[in-house]
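Given next are the chains, with one letter for each unit.
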Amino acid sequence: MRQRLSREPSRPPPLEPSRRSKGARLVMLYIVSILVALVITAILVIVVGGSPSSVFSAIYRGSMDGGGSLGQTVDASIPVVIVALGTLIAVRAGMFNIGQTGQLTVGATAGAFIALNVDAPGPVLVVLALLGATAAGAVWAGVAAGLRIWRRIDVVISTLLLNYVAVQILAYMVSKQSLLQEPTPPGGEAGGLPQSALLPGSARLPHPGQYPSFGVSSGVVVAIGLVVILAVLLSRSRWGTHVRMVGSNPTASRRFGLRVAAVAGGALVISGALAGLAGGVMLTGSVYRVQAGFDNN
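Remember, it's a predicted structure, so these values are computed and weren't measured experimentally. (Residues numbered from 1 in each chain as written. Predicted model: local features only at pLDDT ≥ 70, side-chain atom pairs only at ≥ 80, totals over all residues. Heavy atoms only, no water.)

Caption draft 1: Examining the overall build of the protein more closely. Within the protein one finds eleven helices and zero strands. Listed N to C, the secondary structure of the protein is α-α-α-α-α-α-α-α-α-α-α in terms of helices and strands. Seen through its principal axes, the protein has C-alpha atoms that stretch 100 × 55 × 40 Å. Residues classed as buried in the protein amount to 36% of the 297 residues present. Within the protein, residue pairs in contact and separated by at least 24 positions form 66% of the contacts whose partners lie at least 6 positions apart. By element, 66% of the accessible surface of the protein is carried by carbon and sulfur atoms, the whole surface being about 17,800 Å². (Helix = DSSP H or I, 4+ residues; strand = E, 2+ residues; numbered from the N terminus. Buried < 20%, exposed > 50% of the residue type's maximum accessible area, 1.4 Å probe, protein only. Contact = heavy atoms within 4.5 Å. Areas by Shrake-Rupley, 256 points an atom, 1.4 Å probe, with all protein chains shown as cover.)

Caption draft 2: A look at helix 6 (residues 122-151). End to end, helix 6 covers 43 Å across 30 residues, agreeing with the expected 44 Å (1.5 Å per residue, within 8%). One or two steps after helix 6, the chain reaches Arg152, where phi turns positive at roughly 60 degrees. (Expected span 1.5 Å × (residues − 1).)

Caption draft 3: Inspection of the packing of helix 6 against helix 7 (residues 155-173) at higher detail. One way to put it is that helix 6 packs onto helix 7 with a least axis distance of 10 Å and a crossing angle of 145 degrees. Between helix 6 and helix 7 the crossing geometry is right-handed. Where helix 6 approaches helix 7, its residues Trp140, Val143, Ala144, Leu147 and Arg148 are matched on the opposing element by Val155, Ser158, Thr159, Leu162, Val165, Ala166 and Ile169. Among the residues forming the contact of helix 6 with helix 7, the class breakdown is nine nonpolar, two polar and one charged. (Axes fitted to C-alpha atoms, helices over the stretch in contact; angles between N-to-C directions. Left-handed = near helix turned anticlockwise from the far one by under 90°. Nonpolar A, V, L, I, M, F, W, Y, C, P; charged D, E, K, R; others polar.)

Caption draft 4: Region of the structure containing the side chain of His207. Its location among the elements puts His207 in the loop between helix 7 and helix 8 (219-236). Within the structure, the side chain of His207 is placed 3.5 Å from the backbone nitrogen of Ser217, a separation counted as a polar contact. Setting aside residues up to four positions removed in sequence, His207 forms contacts with Asp75, Gly215, Val216, Ser217 and Gly285. (Polar contact = N/O pair within 3.5 Å; in protein donor to acceptor, adjacent residues only side chain to side chain.)

Caption draft 5: Structural detail: helix 11 (residues 260-287). Taking 1.5 Å of rise per residue, 28 residues should cover 40 Å, and helix 11 covers 39 Å from first to last C-alpha, within 8% of that figure. The element helix 11 is largely enclosed, with a buried count of 21 among its 28 residues. One or two positions beyond helix 11, positive phi appears at Tyr288, with a value near 65 degrees.

Caption draft 6: Unusual backbone geometry, seen in detail. With an omega of 10 degrees, the peptide bond between Tyr211 and Pro212 qualifies as cis. By the secondary structure assignment, Pro212 is in the loop between helix 7 and helix 8. Of note, Arg152 is a non-glycine position whose phi angle comes to about 60 degrees, a positive value. Note on placement: Arg152 falls in the loop between helix 6 and helix 7. At Tyr288, a position not held by glycine, the phi torsion is positive, near 65 degrees. Among the secondary structure elements, Tyr288 is positioned in the segment after helix 11. On the accessibility criterion, Tyr288 (16% relative accessible area) is buried.

Caption draft 7: Region of the structure containing the packing of aromatic side chains. One pass over the structure, following the stated rule, counts zero aromatic pairs. The ring centre of Tyr288 lies 4.1 Å from the NZ or CZ of Arg204, which sits over that ring. (Phe/Tyr/Trp six-rings, centres within 6.5 Å; stacked < 30°, edge-to-face > 60°. Lys NZ or Arg CZ within 6 Å of the ring centre and 35° of its normal.)

Caption draft 8: Representation of a nonpolar patch on the surface. A cluster of nonpolar residues, Val27, Met28, Ile31, Val32, Ile34, Leu35, Val36, Leu38, Ile40 and Leu44, forms a patch on the protein surface that exposes about 890 Å² of accessible area. Along the chain, the position of Leu44 falls in helix 2 (residues 19-47). (Patch = residues over 30% accessible without salt bridge, like charges linked within 9 Å, V, L, I, M, F, W, Y side chains within 5 Å. Salt bridge = Lys/Arg side-chain N within 4 Å of Asp/Glu carboxyl O.)

Caption draft 9: Broad picture of the environment of Val155. Relative to the helices and strands, Val155 is located in helix 7. The exposure class assigned to Val155 is buried, which follows from its relative accessible area of 4%. With 58 residues separating them along the chain, Val155 and Asn97 place their C-alpha atoms 6.6 Å apart. In this view, Val155 contacts Met95, Phe96, Ala144, Arg148, Leu160 and Leu268; residues no more than four positions away in its chain are not counted.

Caption draft 10: Molecular detail of the environment of Thr134. Its location among the elements puts Thr134 in helix 6. Once the C-alpha coordinates of Thr134 and Gly276 are considered, the two residues, 142 residues apart in sequence, prove to be 4.6 Å apart. If sequence neighbours within four positions are ignored, Thr134 has contacts with Ala273, Gly276 and Leu277. Here Leu130 takes part through its backbone oxygen, which lies 2.8 Å from a polar atom of the side chain of Thr134.

Caption draft 11: Structural detail: the nonpolar core. If you look at the biggest cluster of nonpolar residues, it comprises 55 residues, and the most contacted ones within it are Ile82, Leu268, Leu274, Val281, Val290 and Phe294. Among the secondary structure elements, those contributing two or more residues to this core are helix 4 (67-92), helix 5 (100-117), helix 6, helix 7, helix 8, helix 9 (238-248) and helix 11. It is helix 11 that provides the largest number of residues to this core, a total of twelve residues. Those residues in contact with Leu268, other than ones at most four positions away along the chain, are Met95, Asn97, Ala141, Ala144, Ala145 and Val155. (Core = buried A, V, L, I, M, F, W, Y, C linked by side-chain atoms within 4.5 Å.)

Structure below.
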């Protein structure tokens with residue numbers, strides 16, 4: 001038996017896919033996803049009696065036809081990228097945060113309050129507004145994290161329901177002149193519009209270039225910087241290792257000595273902080289005021 005086993009050729013260990021093959025697979029995944037989305041869109045347009053070619057042509061003209069359209073597309077993608085980074089961190093830790101809309105709304109509301117009420121030099125005011133937005137988003141996600149740790153309430157439920165509370169907070173803030181409501185113009189009806197006043201120019205992120213020329217908010221620098229920093233932290237740092245361990249197997253992580261609740265709850269708070277920062281970047285970089293539906297879903 002020993003001789004038979006010794007004569008059998010040893011099988012080489014299975015080869016792990018190379019980085020190049022992983023990258024090619026990822027690119028193909030994106031291409032297939034886009035094609036599937038276009039096919040589904042075309043089917044829906046045909047069902048309602050429309051022309052897919054005219055719809056796709058309008059999408060192209062509005063998003064990529066010329067420098068102005070391309071710049072607006074990049075501007076619209078900046079808060080999406082920042083929110084997606086927070087979502088990635090939460091999911092890696094096994095926390096499914098679906099309350100980014102509320103966290104973004106609360107963050108933008110806090111940023112607007114700071115920008116409209118704090119007397120500070122322009123660059124300092126922008127930084128304070130962004131920090132306030134980040135802190136507000138973190139606190140809002142911290143509510144869900146605390147409910148999960150202390151009361152075992154599922155974060156999917158808590159983050160979802162907190163979205164509606166955030167919308168009501170915004171509605172209340174823009175309905176009070178003492179808080180955020182736009183001042184009533186002379187001779188106008190008392191009460192003003194249910195929106196905040198426009199941010200002063202000193203409280204806005206620099207935006208080189210304007211439509212119809214190419215122009216992008218400097219918030220793109222914030223988004224790219226966060227992508228690089230978080231990519232390094234998630235793959236190279238001890239914190240990133242702990243986040244991945246907790247998300248993959250919380251039981252084994254607990255036996256290994258990790259504080260699973262702290263790591264997972266912290267990931268949810270960071271996710272909310274990034275969503276709040278996205279609201280601050282959107283406020284100071286493109287919309288310049290808060291009102292119902294300012295986030296465009």
